[in-house]
Amino acid sequence: MKAAVLSQYGDASNFEIKDVKIPEIEEGQILVRSFASSVNPVDTLVRKGKLKLLTGLFGEHIIGSDFAGVVSASSSSRFKPGDEVYGFKNAAAGHAYAEYVVVDEDNAAIKPSNLSFAESASLPLVALTAYQGLTREGKLQAGQHVLINGCTGGVGCMAVQIAKKLRATVTGTCKSAHTLLARELGCDFVIDYEREEIPADGRYDLMLDLAAQLTLSDIEKSLKPEGVLVTTKPPSDGVGEVLSSAIDLLKARMRMYMVDPLTADLDVLRSWVEACDVRPVIMKSFPLELTGEAHAMLEDESVAGKVVIEI
Ligand SMILES: NC(=O)c1ccc[n+]([C@@H]2O[C@H](COP(=O)([O-])OP(=O)(O)OC[C@H]3O[C@@H](n4cnc5c(N)ncnc54)[C@H](OP(=O)(O)O)[C@@H]3O)[C@@H](O)[C@H]2O)c1
């Protein structure tokens, strides 16, 4: 099969298209003929070798998380050959930038019937990050006010739509160039972070920080007394504030989490996509042969939505 192979960690230009052996499945796994993947910030970290204690020190690597394709072989009672599926693999396990991907049955679901494979592959990691952050960690309720910091990135585009689906009031932050998209996605209020501050009047029940640009004192001033900060990365603070961050964690007002590739959550997402409550936002698609350019785009340009890789 064809795969984008990294002969060594490092620059985005290190990807090479090679013919490699189709991987074999074990009990509880499926082999997916994948037609698309996408680029997530974590994939760029894996490419640079920042997670090599998890991804392996030596040898060639096939990386990538999201996939969407057709089951070609199955050792799972949940899926049969011919099923159209989507999902994501833990970024450390990788192997999604390839024609065939081995997936645990718990990390896949039937893909939305109204989306192409490319559109479907743009969703899993970012949409589940948004969904799990807002619901499992943030316990967002209808009528509450949520601030989404970084509302037009991969996760942000999903978080705005999911928060509106959950009938929350949504404020999103983004740069000037993305404010129109933020409104189109459903933000009730948009803060252009290049010109405006986040109101320091304790109005938010939940702050979902996707940019790690807030300081803990900003957060303290903007959250309601019982409000919660949920973050995908630690806030950008110095040593003293990291200490107070630990105290906040103990007070359970701040939660940092890792996304989990769960079938049940992918099923919820599919139902919302099929009901047209949530839609993919794709900035650009690249063929597998240009995987390096796809990575460079996410790293070097101010991307709104997702960069997709078609296989
Ligand atoms: N813990 C987990 O399991 C998990 C899962 C997924 C992602 N993540 C992490 O979550 C973060 C977001 O992921 P992503 O896929 O959405 O990344 P992304 O597509 O690169 O988006 C980054 C977002 O940050 C915004 N941003 C940058 N500077 C900002 C500032 N000063 N104020 C407010 N917003 C700012 C960008 O907005 P503009 O383009 O408008 O500047 C953009 O919306 C990444 O760090 C990623 O590694 C963690």
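Relevant structure appears above.
What counts and what doesn't
- Residues numbered from 1 in each chain as written.
- Predicted model: local features only at pLDDT ≥ 70, side-chain atom pairs only at ≥ 80, totals over all residues.
- Helix = DSSP H or I, 4+ residues; strand = E, 2+ residues; numbered from the N terminus.
- Rg over C-alpha atoms; globule rule 2.2 N^0.38 Å.
- Buried ≥ 20, exposed ≤ 12 C-beta atoms within 10 Å, placed from the backbone.
- Contact = placed C-beta atoms within 7 Å.
- Pairing = 2+ DSSP bridges.
- Axes fitted to C-alpha atoms, helices over the stretch in contact; angles between N-to-C directions.

(A) Structural context of the overall build of the protein chain. The secondary structure content of the protein chain amounts to 10 helices and 15 strands. Its C-alpha atoms give the protein chain a radius of gyration of 19 Å, near enough to 19 Å, the size a compact globule of 311 residues would have. Taken along its principal axes, the extent of the C-alpha atoms in the protein chain is 60 × 40 × 35 Å. Counting only residues that meet the buried cut, the protein chain has 47% of its 311 residues in that class. Residue pairs at least 24 apart in sequence account for 66% of intrachain contacts in the protein chain once pairs closer than 6 positions are excluded.

(B) Examining the sheet that holds strand S9 (residues 169-174) more closely. With parallel pairing, 6 strands are arranged side by side in an open sheet as S10-S9-S8-S11-S12-S13. Both outer strands of the open sheet, strand S10 (189-192) and strand S13 (254-256), are each paired with one neighbouring strand and no more. Each strand of the sheet is rotated relative to its neighbour by a mean of 15°, with strand direction disregarded. Sheet analysis places strand S8 (residues 145-149) next to strand S11 (residues 204-209), joined by 4 bridges and oriented parallel. Pairing of Ile148 across the sheet is with Leu208, part of S11.

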